[in-house]
Amino acid sequence: MGRGGAAGGVAPVTVWLEVGGKKLRVELPSGLMSAGAMECAVDGRALSVDARMLEPGVMSLLVEGRQYRCVLDGDGVVIGGRRYGFEVDDPRSLQGRRGAGAGTDGPRAVKAPMPGRVVRVLVAAGDAVEEGQGVVVIEAMKMQNELKSPKAGLVVRVGAAVGDTVSSGDVLVVVE
Amino acid sequence: MGRGGAAGGVAPVTVWLEVGGKKLRVELPSGLMSAGAMECAVDGRALSVDARMLEPGVMSLLVEGRQYRCVLDGDGVVIGGRRYGFEVDDPRSLQGRRGAGAGTDGPRAVKAPMPGRVVRVLVAAGDAVEEGQGVVVIEAMKMQNELKSPKAGLVVRVGAAVGDTVSSGDVLVVVE
Amino acid sequence: MLIANRGEIALRVIRACKEMGIATVAVYSDADRGALHVLHADEAYRVGPAPASESYLRGDLILEIARRVGADAVHPGYGFLSENAEFAEACAAMGVTFIGPPASAMRVLGSKTRARQAADAAGMPRVPGSVTGLADVAEALRVAAGIGYPVMLKAAAGGGGKGMRAVTKAEELAGAFAAASSEAERSFGSGEVYLEKLIERPRHIEIQLMADEHGHCVYLGERECSVQRRHQKVIEEAPSAVVSEDLRRRMGEAAVRLALSAGYVNAGTVEFLVDAEQNFYFLEMNTRLQVEHPVTEMVTGLDLVHLQLRVAMGEPLPLTQEDVRLRGHAIECRIYAEDPDNNFFPSPGLITRLVRPGGPGIREDCAVFAGWTVPLDYDPMLSKLVAFAPTREMAIDRMLRALDEYVIGGIKTNIGLFRRILTDADFRAARIDTGYLERMLAAGPAVVEESVPEDVVAVVAALFAVTARRETAVAPDVAAESRWAEAGRREGLRL
Amino acid sequence: MLIANRGEIALRVIRACKEMGIATVAVYSDADRGALHVLHADEAYRVGPAPASESYLRGDLILEIARRVGADAVHPGYGFLSENAEFAEACAAMGVTFIGPPASAMRVLGSKTRARQAADAAGMPRVPGSVTGLADVAEALRVAAGIGYPVMLKAAAGGGGKGMRAVTKAEELAGAFAAASSEAERSFGSGEVYLEKLIERPRHIEIQLMADEHGHCVYLGERECSVQRRHQKVIEEAPSAVVSEDLRRRMGEAAVRLALSAGYVNAGTVEFLVDAEQNFYFLEMNTRLQVEHPVTEMVTGLDLVHLQLRVAMGEPLPLTQEDVRLRGHAIECRIYAEDPDNNFFPSPGLITRLVRPGGPGIREDCAVFAGWTVPLDYDPMLSKLVAFAPTREMAIDRMLRALDEYVIGGIKTNIGLFRRILTDADFRAARIDTGYLERMLAAGPAVVEESVPEDVVAVVAALFAVTARRETAVAPDVAAESRWAEAGRREGLRL
């Protein structure tokens, strides 16, 4: 297993991240392992850290004596009880969590914010909708959630039918 | 991931086990997954069980309504607070935990019962020893443990020197 | 002992039974085969599909299991069948002990309107309003005019805020009456509503009772549950910061009178509204163990489930009112799978990581684990986190410390909300009422917490990213494991 | 606040500091970079290599760190530097508050012989014997003849059974004297030994004290620690089953007198032997927080570390003797990494799986986790598991329930021993003394526990075996992860 673990070390790494909507370039030392003292750089700013992975997803990071308890949670990291979301632009990235179309113009998707069951579909393909108009109602744990159109436009697709069980992030309606 | 998990299912399985010093043949259904109701057999005795893996190494087993909380611990399983050691004679076995020579005649190994440091070596190769005679003393956490010869005979090998750090199971002395 | 429930309360009852040497039988729906209450039971039987209406609410199926395995008692926990008088009667008819009050007492005190009549008979102060259900809008208008606006419409069979409407003037009454009535119909199968005066900024304070079959009943102090959202309790504490020894005694004795008048036995809770002048008004009685019972256990040193089982066996209460002594302060946070950034909508799903708080004074009643999939089908409560300390301030600070340690990965939770409440000046000064939380939430975004330098976050994220392959070897595998087991269950274990 | 310790006590102190808003500085040896007390601290600094003599015992290095980071207080925990008067003085000299008694009081009460003189002065009953260290065997024989055999030789500077020898007749004395003296020399750097009458079947009962700088000192009830192996405490409980209100008061007041006579401040414990006739004899005083302090916290509702910090800040005690009320019963099991089947020798190593107990009344003070490698270099204690309940019997049964839930994989532990003790008729009847456990162990093999059918074990084993590949994707990966991190640390992070 020692080998297996060691194999986790990788060649010189530059990681492009988006943290709090801001693009950052993080350089980690070559032959890096996420343990021990290492010289890093963020957008060229040098940062000396000492990192130790206690168990997968739980890391102690020392920066000039300051200790940060860091826990990985999907596409975010929890430090001191606060969650910081991030995106990685990297082959080995945690990306692809984001649904399609977020933040863009053109077609906009209405996605399920939580797993649940579809109890009402309020629009059909071709309908004109206002921004904020309810399009689908889903229910979980006895609570109903009316999902609204993100923009004014035409419904180009309805991907949900009453009774469907949907997962968080599923695209239910697309508005063009 | 569902695929990945599903890939865990294996072809028809017969597992030869040693439990409490007794050899047993366990048959598990083909296409088995360690979940749900299944017909098993132990040395031909049929046993219907319903198994559910909660997390890796933690299993709930139902046998005619009786519920067993089972936790895997290396080459043993803890059920109801009691540990049952087992050995698997199987390609996918958990075997190889045992050190060499245990339970056999001929050469017998004196192995470290715990990690520690060697503080005294009481015999040299070629010495004659009695059964129960002290051969090596190792120390951990300030406590010393004198290891004794499992049989009368000649010391054929001494694999430890004062000051060595040894791991549990390391062969320290072999008596012929 | 058969436990007719699921989740943390089923596990909590199972543990109490083990401590008393009582064998336990769990029941489970298809969503719960891999649940902790099953893992910890001596026996376990499937009762039905995931929806509660086909499983945990099927008293007939559950009693059939009890008969088959020869269980001689059933503990209903809270929710589900716990306040169902028919189920209690069916148990009795089968010679199975129902761990709770007799059906007769449940009938009297379980219905809000009948309970209010009993309260009047017991000379208990209550909010002015209609004692019985209202026949129609006309009667509603008459009663409202009599007591004066604002008034509150409530479902007679209700609870948890369903079928409730505040009405500030007569013009709104007709619409509110229809809405409340139909919501009550949908929620409880009875559209009966009643009406009472709306108390301004009331505190919700309740008295815990425990009664035996020999006519003894004690009150175990109060709990304050004023921090609510949509009439759902969010934080409970004991004792209340505003209840004096004298007020406690008067509320407690009134509650005991009511219980004895109805021949009440076992654990029960009498809820009151308390106004700014420390007047208390009877609200309703809950004829079961409450979700928030742990805070009472922490400050009394008692175990309410042990007491439930002993009185159910016919034993006299092992303590008198004089033996009940409150010490220290306990606070409970109800941690829910819900998304604070999305109007607190439920966020069920797979828990990919769970880092629990610990240390002195921290108790957690919880039945989830890393790899558990929180089902869609039930209440989204994940955990009851309780902090005990010698004083209220210390208990608050201890809870904040524990919340900082707590990480639940994979689903959204309301942990951040508690950090915000517990650092709020009004809460810390105990300036709270049942409208406090909604006002605080309406007041706008959370105060910005002390933040970690951006560069540090970036390096941490990068380090986790490059170890992600190892990472995926673990947490997601737990996911796979359980999804796969799930699949196995559905597909009859064949690939 | 700098915490000059490791493991569960360092974590427990860090949590208390966080609750009081005090920033924490951890120190760690090379074996502890990945330890929980580091993970939970605000700052952390390496102090030295793994051996305690090069790290946690290096007061000079630790104080240098304190100076560098500007810490204004040091908490020594227990063990290591906690009873080192020189270290306490060095702190004072540097203007750093030492959380504990002044060096002067430590000197008087820390040395067994000087403490015995102080006890005599305070009119405290003690076991007949030599007050001062013995010059030679001749003096030992003289004293022994005076008080009569059997007698016990003890190290003056000692503790934990090191340098102790029981002597039943004069012929054995010379040999025992030499052995005890040399063992004392090795263990404590001083060969000074004294001698006292051996009390038959004594109970070990100790009084917890807390004193402030203003001359106030209270006793917080007693703990019974009679269940010992090789003079090491294995189980502690509070209150003692045999201590009456009156005896508690007399022991407590005697202990307070002693502490005040030496100008004692902060937490301390006076240990007594109690014979069958309830006579109590002064044994020694521990001038620090004890390992077993949690049982006192459970029955008093207080937090001793919070109190330590407040009195160290110069605050007066927030409570009087009258405010101290005991309620319920608490039992602590010291869970060790040791092998009961191999004469309880230490079993350090990698923890591959950890399934913790939980539920009402269970407290665990613990700093290990799945993936943690228990180092060779320190005390093998893994966890202090505490059960609280209204009565002793309920606490015992609750502990048994918790022990059944507890699984520590990868290393050997003494969990099975506790199950055996807690089901033993003598223990349950509180028929215990300091020789109880060794007698029970000598009495032979454990009673056979209720066993699972062989066929069930076989099927479980087979199912785990066929899922072993998925299994190896997880627990062993944790192993790899930490070994690899270890390697990284050693090899300067290059492959």
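Let me begin by describing the structure that accompanies this report. (Residues numbered from 1 in each chain as written. Chains lettered and ligands numbered in written order. Predicted model: local features only at pLDDT ≥ 70, side-chain atom pairs only at ≥ 80, totals over all residues. Heavy atoms only, no water.)

Notes on the overall build of chain C
Then step 1. Broken down by element type, chain C carries 18 helices and 22 strands.
Then step 2. Relative to the 2.2 N^0.38 estimate, which gives 23 Å for 495 residues, the radius of gyration of chain C is 23 Å and therefore close to what a compact globule would have.
Then step 3. Over its C-alpha atoms, taken along the principal directions, chain C stretches across nearly 70 × 55 × 50 Å.
Then step 4. Every one of the 495 residues in chain C was classed for burial, and the buried ones make up 64%.
Then step 5. Restricting the contact set of chain C to residue pairs at least 6 apart, pairs at least 24 apart contribute 65%.
Then step 6. As presented, chain C carries roughly 16,400 Å² of accessible surface, and 53% of it is formed by carbon and sulfur atoms.
Then step 7. For chain C, the distance from the average position of its 55 positive side-chain charges to the average position of its 68 negative side-chain charges is 1 Å. (Helix = DSSP H or I, 4+ residues; strand = E, 2+ residues; numbered from the N terminus. Rg over C-alpha atoms; globule rule 2.2 N^0.38 Å. Buried < 20%, exposed > 50% of the residue type's maximum accessible area, 1.4 Å probe, protein only. Contact = heavy atoms within 4.5 Å. Areas by Shrake-Rupley, 256 points an atom, 1.4 Å probe, with all protein chains shown as cover. Lys, Arg positive; Asp, Glu negative; His and termini not counted. Charge placed at Lys NZ, Arg CZ, Asp CG, Glu CD.)

As for helix α4 (residues 85-93) of chain D
Residue and element names in this part refer to chain D.
Then step 1. For α4, the set of buried residues is Ala-85, Phe-87, Ala-88 and Cys-91. Projection of α4 onto a plane perpendicular to its axis shows the buried side chains occupying an angular sector of 160°, all on one side.
Then step 2. The inward-facing, buried residues of α4 contact α3 (59-69), β4 (73-75), β5 (97-98) and α5 (103-110).
Then step 3. Gly-95, located one to two residues past α4, shows a positive phi value of around 75°. (Arc of directions from axis to C-beta.)

A word on the sheet that holds strand β16 (residues 171-175) of chain B
Backbone hydrogen bonds hold the strands of a sheet together, and the pairing may be parallel or antiparallel.
All names here are of chain B.
Then step 1. Here we have four strands laid out as an open sheet, ordered β9-β16-β14-β11, and antiparallel in their pairing. In the strand order of this sheet, the two ends are held by β9 (108-111) and β11 (128-129), each with one partner.
Then step 2. Relative to strand β14 (residues 153-158), β11 is paired through two bridges, and the arrangement is antiparallel. Bridging from a neighbouring strand, Val-129 pairs with Gly-153 of β14. (Pairing = 2+ DSSP bridges.)

Some details on the relation of the copies chain C and chain D
Look at the two chain copies: a rotation about an axis and a shift along it is all it takes to match them.
Then step 1. Expressed as a screw operation, the relation of chain C to chain D combines 0.0 Å of axial shift with a rotation of 180°, fitting to an RMSD of 0.0 Å. Those values place the two copies in the arrangement expected of a two-fold rotation axis.
Then step 2. Counting the interface residues of chain C, we find that 100% of their copies in chain D are interface residues as well, pointing to one common contact surface. (Least-squares fit on C-alpha atoms with pLDDT ≥ 70 in both.)

Considerations on the sheet that holds strand β11 (residues 232-238) of chain D
Residues and elements named next belong to chain D.
Then step 1. The eight strands are arranged β13-β12-β9-β10-β11-β14-β21-β19 in an open sheet whose pairing can be described as antiparallel. Strands at the two margins of the open sheet, each flanked by one partner only, are β13 (280-286) and β19 (362-366). Between one strand axis and the next, the sheet turns by 25° as a mean value, whatever way the strands run.
Then step 2. As paired strands, β19 and strand β21 (residues 381-389) are joined by five bridges and run antiparallel to one another. Each residue of the ladder has a partner; that of Glu-364, found in β21, is Leu-385. (Axes fitted to C-alpha atoms, helices over the stretch in contact; angles between N-to-C directions.)

As for the interface of chain C and chain D
Then step 1. If you look at the interface, chain C gives 33 residues, while chain D gives 33 residues.
Then step 2. A combined buried area of about 3,100 Å² lies between chain C and chain D, and 51% of that area is made up of carbon and sulfur atoms.
Then step 3. Per-residue buried area on chain C facing chain D is highest for Glu-19, Arg-325 and Arg-327 of chain C; these three make up 24% of the total on that side.
Then step 4. Across the contact surface, chain C and chain D share eight salt bridges.
Then step 5. One salt bridge connects Glu-405 of chain C with Arg-15 of chain D, and the closest N-O pair in it is separated by 2.9 Å.
Then step 6. There are twelve residue pairs in polar contact (both at pLDDT 80 or more) connecting chain C and chain D.
Then step 7. Of all the secondary structure elements, the ones that give two or more residues to the side of chain C that touches chain D are α1 (7-19), α10 (293-300), α12 (392-405) and α18 (475-490) of chain C.
Then step 8. Looking at the side of chain C that touches chain D, its residues break down into eleven nonpolar, seven polar and 15 charged. (Buried area = accessible area lost by both parts, 1.4 Å probe. Salt bridge = Lys/Arg side-chain N within 4 Å of Asp/Glu carboxyl O. Polar contact = N/O pair within 3.5 Å; in protein donor to acceptor, adjacent residues only side chain to side chain. Nonpolar A, V, L, I, M, F, W, Y, C, P; charged D, E, K, R; others polar.)

Comments concerning the pairing of strand β12 (residues 134-140) of chain B
For a regular strand, the rule is simple: side chains alternate between the two faces of the sheet.
Residue and element names in this part refer to chain B.
Then step 1. Most of β12 sits out of view: six of its seven residues are buried.
Then step 2. Across four bridges, strand β10 (residues 116-121) lies against β12 in antiparallel orientation. For Val-121, the partnering residue across the bridge sits in β12 and is Val-136.
Then step 3. One ladder, built from six bridges, connects β12 with strand β13 (residues 143-148); its direction is antiparallel. Within β13, the position partnered with Val-137 by the bridge is Glu-146.

Considerations on the packing of helix α1 (residues 7-19) of chain D against helix α11 (residues 304-312) of chain D
Think of two packed helices as two axes; the pair is described by the angle between the axes and how far apart they sit.
Residues and elements named next belong to chain D.
Then step 1. Across the interface, α1 lies against α11 with an axial gap of 9 Å and an inter-helix angle of 65°. When the axes of α1 and α11 are compared, the crossing they make is right-handed. Where α1 approaches α11, its residues Arg-12, Val-13, Ala-16, Cys-17 and Glu-19 are matched on the opposing element by Leu-304, Val-305, His-306 and Leu-309.
Then step 2. Considering only residue class, the contact of α1 with α11 consists of six nonpolar, one polar and two charged. (Left-handed = near helix turned anticlockwise from the far one by under 90°.)

Notes on the packing of aromatic side chains
Residue and element names in this part refer to chain C.
Then step 1. This model, assessed by the stated rule, comprises twelve aromatic pairs over all chains.
Then step 2. Summarising the aromatic geometry, the rings of Tyr-56 and Tyr-378 are spaced 5.6 Å apart at their centres and angled 75° between planes, so their arrangement reads as edge-to-face. Linking Tyr-56 in the loop between β3 (43-48) and α3 (59-69) with Tyr-378 in the loop between β20 (373-374) and β21 (381-389), this pair joins segments that are 322 residues apart in sequence. For the pair formed by Tyr-56 and Tyr-378, the shared burial category is buried.
Then step 3. A network of ring pairs unites the aromatic residues Tyr-56, Phe-80 and Tyr-378 as a single cluster.
Then step 4. Against the face of Tyr-28 rests Arg-33, its NZ or CZ located 5.9 Å from the ring centre. (Phe/Tyr/Trp six-rings, centres within 6.5 Å; stacked < 30°, edge-to-face > 60°. Lys NZ or Arg CZ within 6 Å of the ring centre and 35° of its normal.)

Overview of the pattern of salt bridges
Then step 1. Applying the stated criterion across every chain, the model contains 102 salt bridges over all chains.
Then step 2. For Glu-89 of chain C, the salt bridge goes to Arg-107 of chain C, with nearest N and O atoms at 2.7 Å. Highlighted residues: Glu-89 of chain C in helix α4 (residues 85-93) and Arg-107 of chain C in helix α5 (residues 103-110), separated in sequence by 18 residues.
Then step 3. Within the structure, one salt-bridge network assembled from shared partners comprises Arg-12, Arg-15, Glu-19, Glu-297, Asp-303, Arg-363 and Asp-365 of chain C together with Arg-398, Arg-401 and Glu-405 of chain D.

A look at the interface of chain A and chain C
Reports often express the size of an interface as the amount of accessible area lost when the parts come together.
Then step 1. Taken together, the contact pairs 58 residues of chain A with 47 residues of chain C.
Then step 2. Taken together, the two surfaces of chain A and chain C that pack against each other cover about 4,400 Å², and 70% of this comes from carbon and sulfur.
Then step 3. The three residues of chain A that bury the most area against chain C are Leu-72, Met-141 and Met-143 of chain A, which together make up 15% of that side's buried surface.
Then step 4. The tally of links between chain A and chain C comes to three salt bridges.
Then step 5. In this structure, the salt-bridge partner of Lys-22 of chain A is Glu-454 of chain C, at a minimum N-O distance of 3.0 Å.
Then step 6. Here the side of chain A that touches chain C is built from residues that sort into 38 nonpolar, eleven polar and nine charged.

Structural notes on helix α6 (residues 112-121) of chain C
Residue and element names in this part refer to chain C.
Then step 1. Those residues of α6 not exposed but buried are Lys-112, Thr-113, Ala-115, Arg-116, Ala-118 and Ala-119.
Then step 2. Capping the start of α6, Ser-111 holds a side-chain oxygen 3.1 Å from the backbone nitrogen of Arg-114, two or three residues further along.
Then step 3. Two residues or fewer past α6, Gly-123 is found with a positive phi of approximately 65°.

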